[in-house]
Amino acid sequence: FAPLPSNVMLKMVKKSLLTISECPPLGLESLKVKDAQLRASSYKRRGLGPHRGRLNIQSGLEDGDVYDGAWCAQYRDKNQWLEVDAQRLTRFTGVILQGRNSIWSWDVVHTYKVQFSNDSLVWKPCMNGTEEAETRTAETPVLALFNTSTVARYIRINPQTWYENGTQGDICLRAEVLGCTLPDPNNIYAWQTEATGSRDKLDFRHHNYKEMRKLMKSVNEACPDITRIYSIGKSYAGLKLYVMEISDNPGKHELGEPEFRYVAGMHGNEVLGRELLLNLMQFMCQEYKRGDQRIVRLVKETRIHLLPSMNPDGYEMAFKKGSELSGWALGRYSHEWIDMNHNFADLNSGMWTAIELETDQSKLINHYFPIPEQYTSEEAFVASETRAVINWMQNIPFVLSANLHGGELVVTYPYDMTRDWAPREHTPTPDESFFRWLATAYASTNRVMSNPDRRPCHNKDFLRYNNIINGADWHNVPGSMNDFSYLHTNCFEVTVELSCDKFPHASELPIEWENNKESLLIYMEQVRLGIKGVVRDKDTEAGIADAIIKVDDIDHHIRSVADGDYWRLLNPGEYKVTVSAEGYLPSSRTCQVMYDHYPTICDFRLTKVPKQRLKDILAKGGKLPKDLQLRLRQLRLPEPLREQLDFYGRIYG
């Protein structure tokens with residue numbers, strides 16, 4: 001066939017997207033269609049059963065396990081079929097097919113027929129004029145729209161030709177079905193209908209770059225006193241990385257107020273996080289104006305930053321294809337084909353090497369690890385988006401963060417990188433117990449994750465782990481943002497995998513908001529856990545920046561920020577906390593973290609070491625205070641007399 005003109009191709013794409021919008025997917029990919037609704041003429045084994053014939057389902061690393069990447073028929077003839085029971089009358093408008101997902105096998109159906117039934121006994125073929133329609137497909141998702149829609153309850157996909165020169169020449173496919181369910185006259189009561197929407201009046205649709213910018217502007221105009229839009233940089237293609245700030249004092253860090261961030265769209269085709277953050281900023285604006293005290297408290301006590309699209313270039317690629325046709329990887333990478341999930345500086349390797357080589361453990365650092373010089377050079381293979389986010393992290397003293405992804409249902413926590421480059425190995429941080437709490441706070445309040453009856457998304461059953469897992473125990477991810485955030489800054493960060501479907505259909509967005517709304521709010525509120533305070537100079541009351549806050553028995557310190565304030569996330573308990581700073585004597589105290597919804601205040605006032613204090617006073621032409629005069633006299637006395645004077649000083653104050 002001769003290639004079609006570009007204007008004809010564009011019209012066809014627009015028509016297909018409109019059709020998908022008119023009649024959405026039944027939900028094979030999103031798991032809305034249950035396993036019991038899928039049947040097949042035959043299948044090779046359990047791991048290739050009809051329940052695996054779902055669009056974009058991912059296989060395990062090994063062929064032959066229970067998590068293979070398609071439905072594969074046992075026999076190689078034209079009588080094989082995959083059947084979907086819609087469970088009610090449905091106006092079927094099309095199907096989307098793709099081949100098998102496997103590292104080792106390549107199997108794909110070339111052509112197929114479609115049949116319909118109301119009772120699964122008598123079948124009617126899908127017609128193309130006077131002939132039974134036969135449709136071509138490929139390994140990537142291919143949409144086939146029916147010439148005329150058909151109302152039925154059951155639909156069958158019947159392969160006719162397939163790639164017989166494949167690994168085994170098997171009939172294998174993954175599918176999605178498009179259809180509009182018809183009203184059921186037997187459901188006369190509202191409670192008999194499954195909830196599919198949200199009561200919140202939000203803009204539930206997919207937003208491209210221009211639409212996202214327009215929505216953010218509308219939120220800012222609706223709530224100018226508590227919102228601010230700013231950019232942290234540009235993508236490779238020149239799209240700005242916009243952030244929405246929500247605070248009672250936008251644009252300013254307030255003493256004692258923690259900074260929180262959500263980041264979405266690191267992988268441009270994992271789009272649910274982007275829409276959830278756009279929903280969240282609308283929701284918080286609306287509820288703040290209504291006087292919702294929970295939201296009011298969040299706004300007044302926390303400075304919140306929402307970055308809905310870290311990889312706008314990748315998103316635009318996926319958006320143009322549409323939710324069902326972008327496949328598993330289109331738009332994942334940056335414009336330069338960089339996976340930003342592996343693009344942050346690997347600080348783990350240097351830390352572990354130092355631990356192995358250093359004999360004097362007191363010389364080791366455990367926080368604020370410097371970025372290697374080769375990483376910061378202009379020639380380094382670092383995405384412009386990654387550089388922008390690193391600068392953002394360094395300029396704002398974030399305390400807590402979450403990185404929103406898609407394609408699974410689980411919350412992962414650091415470390416993401418295994419110590420010896422093993423494919424997977426549990427690799428905990430010194431703050432393992434608190435990270436597990438953070439992950440649990442999100443997972444246990446997420447409606448889908450917390451459902452004990454849900455099925456696994458692809459090839460791992462995270463229900464066995466209560467829907468949380470150490471990142472490195474899932475798979476090795478060197479250069480992750482989570483690990484970088486923990487080792488280079490004060491900020492604790494987890495990754496939230498929000499849904500099995502990376503690019504859910506727009507019709508799914510209201511229920512996905514309901515699934516995640518409480519989790520998003522609960523997780524932000526965890527920034528209040530632990531201790532906070534201000535480290536000040538005892539004489540001047542000025543805040544001390546870069547003071548080191550050490551918690552006994554947790555080998556990970558944090559530092560105070562420019563005004564001397566700090567936040568240390570901790571589980572409830574009693575902790576001995578020691579603060580030290582250059583030119584000051586260390587100070588220790590016991591801090592009790594309670595089971596409350598607010599942090600324990602632990603302020604510190606540090607005394608300069610005598611030499612430094614003397615320099616400061618003399619430089620200002622001041623008079624020496626009595627305690628410093630006494631200390632200087634002590635230093636001139638012989639050792640026995642100094643000890644005796646110290647002894648009486650402790651007794652009599």
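About the thresholds
- Residues numbered from 1 in each chain as written.
- Predicted model: local features only at pLDDT ≥ 70, side-chain atom pairs only at ≥ 80, totals over all residues.
- Heavy atoms only, no water.
- Core = buried A, V, L, I, M, F, W, Y, C linked by side-chain atoms within 4.5 Å.
- Buried < 20%, exposed > 50% of the residue type's maximum accessible area, 1.4 Å probe, protein only.
- Helix = DSSP H or I, 4+ residues; strand = E, 2+ residues; numbered from the N terminus.
- Contact = heavy atoms within 4.5 Å.
- Pairing = 2+ DSSP bridges.
- Axes fitted to C-alpha atoms, helices over the stretch in contact; angles between N-to-C directions.
- Parallel < 35°, antiparallel > 145°, perpendicular 65-115°, else oblique.
- Left-handed = near helix turned anticlockwise from the far one by under 90°.
- Nonpolar A, V, L, I, M, F, W, Y, C, P; charged D, E, K, R; others polar.
- pLDDT = per-residue confidence, 0-100.
- Disulfide = S-S within 2.5 Å.

(A) Seen up close, the nonpolar core. Core analysis: the biggest nonpolar cluster contains 98 residues, and Tyr-262, Phe-344 and Trp-392 have the highest contact counts within it. Ranked by residues supplied to this core, first place goes to helix α3 (residues 272-290) with 9 residues. With residues near it in sequence (within four places) discarded, Phe-344 still touches Met-266, Met-310, Tyr-375, Thr-386, Val-389, Ile-390, Met-393, Gly-479, Ser-480, Met-481 and Phe-484. Residues Trp-71, Val-84, Ala-86 and Ala-152 belong to the second largest nonpolar core, which totals 28 residues.

(B) Structural context of the environment of Val-411. Inspection of the secondary structure puts Val-411 in strand β16 (residues 410-413). A C-alpha to C-alpha distance of 8.6 Å links Val-411 and Gly-471, two positions 60 residues apart in sequence.

(C) Focus on the sheet that holds strand β11 (residues 227-234). Spatially, β11-β12-β14-β13-β15-β18-β16-β17 is the arrangement adopted by the 8 strands of the open sheet, whose pairing is mixed. If you trace the sheet from one side to the other, it starts and ends with β11 and β17 (468-470), each paired once. Averaged over all pairs of adjacent strands, the angle between their axes in this sheet comes to 20°, without regard to strand direction. Looking at chain direction, strand β13 (residues 259-264) and strand β15 (residues 398-405) are connected through 6 bridges and run parallel. Bridge pairing links Tyr-262 to Ala-402 in β15. Along the sheet face, helix α2 (residues 209-222) touches β11 and β12 (240-246) and points at about 25° away from the line of β12.

(D) Quick peek at the packing of α2 against α3. Between α2 and α3, the least distance of the axes is 10 Å, while the angle of their chain directions is 15°. On the basis of the axis angle, α2 is roughly parallel to α3. Our pair here, α2 against α3, has a crossing hand that is left-handed. When α2 is examined against α3, the residues Tyr-209, Met-212, Leu-215, Met-216, Val-219 and Ala-222 are found in contact with a partner set consisting of Arg-274, Leu-278, Met-281, Gln-282, Cys-285 and Lys-289. In the contact of α2 with α3, the residues fall into 9 nonpolar, 1 polar and 2 charged.

(E) Main features of the confidence of the model for the protein chain. Of the residues in the protein chain, 86% have a pLDDT of 70 or more, and the chain-wide mean is 88. This model gives residues 1-19 a pLDDT under 50, and the stretch forms 9 contacts once residues within four places in sequence are excluded.

(F) Molecular detail of the state of the cysteines. For the structure on display, the rule yields 5 disulfides. Residue Cys-72 pairs covalently with Cys-172 via a disulfide, S to S 1.9 Å. Across the S-S bond of Cys-72 and Cys-172 the torsion is about 115°, and the bridge reads as right-handed. Separated by 100 residues along the polypeptide, Cys-72 in strand β2 (residues 71-72) and Cys-172 in strand β10 (residues 172-181) bring together distant segments of the chain. By the burial criterion, Cys-72 is buried, and Cys-172 matches it. Cys-591 shares a disulfide with Cys-602; S-S distance 2.1 Å. On the criterion of sequence distance, the pair formed by Cys-591 in strand β24 (residues 587-593) and Cys-602 in the loop between β25 (600-601) and β26 (604-606) is long-range, its members being 11 residues apart.

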